[in-house]
Every structure is written in C-alpha cells, then in structure tokens.
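# Coordinate inspection notes
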Amino acid sequence: MIELPALEYHIAHGCNLSCQHCSHYSNFHVAGKLPTVDDADTEYSKWSHRLKPMRFALLGGEPLLNPQVIGHIQLARQHWSDSHLMLVTNGFFLHRFPELPEVLLETNCRLEVSQHGTHEAYVQRFREVKHLVWRWREEYPAIQIKIRQSHRGWMRQYNVEDGKPIPFDSKPAAAYRECMQKTCTQLYRSMLWKCPALAYFNQVEAKLNLHRLPQWQPFRDYEACPPDASDAEVHRFMQRKAIPQCSLCPASRAKFVHPNPLQRSALR
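Since the model is a prediction, treat every value here as computed from it, not as a measurement.

### A few points about the packing of helix α2 (residues 69-79) against helix α3 (residues 100-107)
At their nearest, the axes of α2 and α3 sit 10 Å apart, and the two run at 5 degrees to each other. As far as their axial angle goes, α3 and α2 are roughly parallel. Of the residues in α3, those touching α2 at I70, I73, Q74 and R77 are L100, V103, L104 and T107. Residues belonging to the contact of α2 with α3 are distributed by class as follows: five nonpolar, two polar and one charged.

Shown next, in the form of structure tokens:
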C-alpha cells in the first residue's frame, strides 16, 4: 500500500456560501453533477486497494448539499477502513440530517464545522449551527465534532482584474513553502491531483470564460495522476514538492477578510 498524509473527495462542488478566495473555487458556484454513492464507489475502487491515506476527508463545496451524504460516509469507511475519516461542512444544513450523529459514531467519522467569517449577519446564522452542534455533543458524548476557525487563516489566492481571477507570478519554491494545501491531494475524475486549485480549475475556467487568459496556461497544462499509473509513478507524484504550477499561487500569505459570505459580491 502507498501511504499518504491525506486524500480528499468532493461530494458537492457548489456551496451555499460565497467566501471569496475559496481554495476550492466554491465561491463561484460552479455547476456540477453531485457525485452519487455509485459514482464514488467506482472512483474509490480504482485506488483504495493501492492507497492508504492517514486521513480521508469528504468535503466540497458544501457536502451537505448532497442528499446522499449518509451513504457517502458509509461508503468511504468501507473503502478506507484504516483512515481517519472526516466530514467537513459549513454546518448550515446539519439540521436536514438528524440521523447524522449516529452514522458518525458508527463509522468513527469526525465532523469538522468551519466558521467562515465574523460579519454580524453571518454570525447570527452560524450561532444556530453552534447550538445544534452543542446539543449533539450533549446527546452523543462519544461524538467527534470540532468547530474550526477557518476565517482566521483566510488568505488571498489570486489577484483580480476586471472582475476575473488572475494568478500570481511567484517562484514555485517560495509559493510551495507558503502553501496551506501541501497535503490536500484530491481524488477527482478518478485521478489524483496535487491540490484543489489544480483539480477544480477547469470548472471555474468554464464558468468565468478564462480560456483567453494566457496567465492560467500552466494550470491547463497540468497532468493529474491516472489510476493506471505504476506504483513508481504514484510514488513520484506523491513525493514531488514544488512544481511549475505553484508559480501561479501566492508566495506570501496576504490575509484577506472576505465580505459577508451569505451574499454574493463582486470579486476583489
């Protein structure tokens, strides 16, 4: 088995929030089919007998937009039996799944609820999420739930010109040193991708018509690791640190406080 720190899988690409500079481009509300449990089973089957991730995370987008989230959690545990299983959500739809706490316990899955800002309107809504989480903790003492302060480490992922995202022009090694997604390998379209920025670029490019922007060409040239790659090729993929595409990411962590994530707003 090939070991790796983490493997992540989108069970939804869209999101109900609009957090600018989201590293998964979820703020652009890209269209995309919600992966079914059968879809995921097909993709997992190509890798679960070869990869042993220390952590396997189900996320998005907002994963609770997928009505089959319960089945996805159960399937992930079947395929990645030895991994630390995690569901990452903004929490706004937890109330739709009253059976979720028991499933989390049965599958030994950790729930991570991300707070995405301090805007007053958002905080008022998020307070309802925290109340539900606190109640679940009381009713299910063994449940693993963490509220992560995602907004505290929020950073600018790209520049903006004429309302469109424009990549940075960095030294790859410098950008890699500052990268917060070094271990965020994505499983998407049955292939392995170094990070979310590369995996889901095609979606935002299509949504915003970025095809005529030559600055993004290195992302277009990126080749993901296919399931028919040899073990040696997969090892090389895992061991590579800075790659040319890293030059399109920031070489310093420019803190960014996005507007109210409950509302869409012009890029800045």
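From this point, things continue past the structure.
### Quick look at the sheet that holds strand β5 (residues 145-148)
As summarised here, the arrangement of the seven strands in space is β5-β4-β3-β2-β1-β8-β9, forming an open sheet in which the pairing is mixed. Strands at the two margins of the open sheet, each flanked by one partner only, are β5 and β9 (191-193). Ignoring strand direction, the axes of neighbouring strands in this sheet form an average angle of 30 degrees. Note: strand β4 (residues 109-114) against β5, four bridges, orientation parallel. Bridging across to β5, V113 finds its partner in I147. The sheet contacts of helix α1 (residues 37-45) involve β1 (2-10), β2 (51-59) and β8 (185-188), and relative to β1 the element is tilted by about 160 degrees. Each of β2, β3 (84-89) and β4 touches α2; the most contacted strand, β3, lies at about 155 degrees to it.

Calculation criteria
- Residues numbered from 1 in each chain as written.
- Predicted model: local features only at pLDDT ≥ 70, side-chain atom pairs only at ≥ 80, totals over all residues.
- Heavy atoms only, no water.
- Axes fitted to C-alpha atoms, helices over the stretch in contact; angles between N-to-C directions.
- Helix = DSSP H or I, 4+ residues; strand = E, 2+ residues; numbered from the N terminus.
- Parallel < 35°, antiparallel > 145°, perpendicular 65-115°, else oblique.
- Contact = heavy atoms within 4.5 Å.
- Nonpolar A, V, L, I, M, F, W, Y, C, P; charged D, E, K, R; others polar.
- Pairing = 2+ DSSP bridges.

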